[in-house]
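In case you want the letters, here they are:
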Amino acid sequence: MRSEETAFVGGPLDGRVLPVLLGATGRPPKTYEVPVPREDGEGTATVHVYRLEPAGTTQRLGLPRGWRYVYDPEGLPRGGPKWPWRRRRP
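Predicted, not measured: the structure shown is a model, and the values here were computed from it.

1. A look at the overall build of the protein
Inference 1: Within the protein one finds 0 helices and 5 strands.
Inference 2: Burial analysis of the protein (90 residues in total) assigns 17% to the buried set.
Inference 3: Intrachain contacts of the protein at a sequence separation of at least 6 include 32% that bridge at least 24 residues.
Inference 4: In the structure as shown, the protein presents an accessible area of about 7,500 Å², 52% of it carried by carbon and sulfur atoms.

2. Section: the pattern of salt bridges
Side-chain pairing between opposite charges can occur once the charged atoms of the two side chains come close.
Inference 1: Applying the stated criterion across every chain, the model contains 2 salt bridges.
Inference 2: The salt bridge partner of D72 is R51, with a shortest N-O separation of 3.0 Å. With a gap of 21 residues between them, D72 in strand β5 (residues 67–72) and R51 in strand β4 (residues 46–54) connect regions that are remote in the sequence.
Inference 3: The exposure class of R51 is partly exposed, given its relative accessible area of 31%.
Inference 4: Note that E53 and R68 form a salt bridge whose closest N and O atoms lie 3.4 Å from each other. With a gap of 15 residues between them, E53 in strand β4 and R68 in strand β5 connect regions that are remote in the sequence.

3. With respect to the sheet that holds strand β3 (residues 31–36)
Inference 1: Across the sheet, 5 strands lie side by side as β2-β1-β5-β4-β3; this open sheet has mixed pairing. In this open sheet, the two strands that pair with only one neighbour each are β2 (17–21) and β3. Neighbouring strand axes in the sheet, compared pairwise and without regard to direction, differ in orientation by 40 degrees on average.
Inference 2: Bridge count between β3 and β4: 6 bridges; the pairing is antiparallel. Bridge pairing in β4 places V36 opposite T46.

4. Section: the nonpolar core
Inference 1: Among the nonpolar cores identified, the biggest contains 8 residues, and these are F8, L13, V20, V34, Y50, L52, W67 and Y69.
Inference 2: Mapped by element, the contributors of at least two residues to this core are β4 and β5.
Inference 3: Ignoring anything within four residues of it in the chain, the contact list for L52 reads R27, P28, P29, K30, W67, R68 and Y69.

5. Topic: the pairing of strand β1 (residues 3–9)
Inference 1: Here β1 pairs with β2 via 5 bridges, running antiparallel. When the bridges of β2 are listed, T6 appears paired with L18.
Inference 2: As judged from the 3 bridges shared by β1 and β5, these two strands associate in the parallel manner. Paired with F8 across the bridge in β5 is Y69.

Parameters at a glance
Residues numbered from 1 in each chain as written. Predicted model: local features only at pLDDT ≥ 70, side-chain atom pairs only at ≥ 80, totals over all residues. Heavy atoms only, no water. Helix = DSSP H or I, 4+ residues; strand = E, 2+ residues; numbered from the N terminus. Buried < 20%, exposed > 50% of the residue type's maximum accessible area, 1.4 Å probe, protein only. Contact = heavy atoms within 4.5 Å. Areas by Shrake-Rupley, 256 points an atom, 1.4 Å probe, with all protein chains shown as cover. Salt bridge = Lys/Arg side-chain N within 4 Å of Asp/Glu carboxyl O. Pairing = 2+ DSSP bridges. Axes fitted to C-alpha atoms, helices over the stretch in contact; angles between N-to-C directions. Core = buried A, V, L, I, M, F, W, Y, C linked by side-chain atoms within 4.5 Å.

If you want it as structure tokens, here you go:
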């Protein structure tokens, strides 16, 4: 699989550039989750969520020119599949 060097802005990974695996379309995933274990080793780890944004755009067509992840402090980690046929009906 291919990977791309992607910049991170804000949060615990601020200023770092890490290789991120690309999907079948050549684009990184929409969210990137970083689990950070607790210092005491008990309980669940804290999960920091980053959202994908274009790093810049081309002048003529407005196409994205690379990607970056921006820290989302209120972001919720994935909770599983969100398929419409699995929703509860009122």
